[in-house]
Amino acid sequence: MVLDCDCHNIKALYRRAQAYMEIADLILAELDIKKAIEADLQNREVKLLQKSLKQLQAESNKRDAKFYANMFARVTKDSSVATKKLKVEKSEEEERREVAVAMETEKEVDS
């Protein structure tokens, strides 16, 4: 591979960054683009690719934010349902205790 011999080959870095972007490996794409820009600050194609990468990163961040927001919303919803169940169970248990106490009091009064 060309990059094994010349790690600053702009064309090879550019093409590999494109490939990384296609498979959504944006971190490795960014590293290759940065290396290519270091080697040639004036390369227009690499700068355009960097702009495309930034757009892809923004879209990816939005998707991730939405995904995690939905995930935590479900967790919150599930925990509130569990809390409601516990409250219902506690109130049912309290009713049972009250009935038991009332029955014991009646027995004591009757005796």
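Notes on the structure in this doc start here.

Procedures and definitions
Residue positions are counted from 1 within each chain, in the order its sequence is given. Thresholds applied to this predicted model are a pLDDT of at least 70 for local features of residues and 80 or more for the giving and counting of side-chain atom pairs; totals over whole chains, interfaces and linings are not thresholded and use all residues. Heavy atoms throughout the structure, all of them, feed into the side-chain values; hydrogens and water do not. Here a pair means two rings of Phe, Tyr or Trp (six-membered ring of Trp) with centres within 6.5 Å. Their orientation is stacked below 30 degrees between planes, edge-to-face above 60, and tilted elsewhere. Think of it in three bands: with a 1.4 Å probe and only protein chains considered, a residue is buried below 20% of the maximum accessible area for its type, exposed above 50%, and partly exposed in between. Put simply, a salt bridge is a Lys or Arg side-chain nitrogen that is within 4 Å of an Asp or Glu carboxyl oxygen. A run of H or I in DSSP counts as a helix once it spans at least four residues, and a run of E counts as a strand once it spans at least two, with each numbered from the N terminus.

**Some words on the packing of aromatic side chains**
Pairs of aromatic rings are described using the distance from one ring centre to the other and the angle between the two planes.
Piece 1. What the rule picks out here adds up to one aromatic pair.
Piece 2. Between phenylalanine 67 and tyrosine 68, the ring centres sit 5.1 Å apart and the planes meet at 75°, which makes this aromatic pair edge-to-face.
Piece 3. Residue phenylalanine 67 is classed as partly exposed on the basis of its relative accessible area, which comes to 48%.
Piece 4. For tyrosine 68, a relative accessible area of 41% translates into the label partly exposed.

**Some details on the pattern of salt bridges**
Piece 1. As enumerated under the stated definition, the model contains two salt bridges in all.
Piece 2. Notably, a salt bridge pairs arginine 16 with aspartate 32, separated by 2.6 Å at the nearest N-O pair. Of this pair, arginine 16 sits in helix α2 (residues 10–22) while aspartate 32 sits in helix α3 (residues 26–39); the two residues are 16 residues apart in sequence, bridging distant segments of the chain.
Piece 3. Taking relative accessible area as the criterion, aspartate 32 reaches 2% and is therefore assigned buried.
Piece 4. Lysine 34 is the salt-bridge partner of glutamate 30, the closest N and O atoms lying 3.6 Å from each other. Of this pair, glutamate 30 and lysine 34 both sit in helix α3, four residues apart, roughly one helical turn.

Shape is all these values report; function is a separate question.
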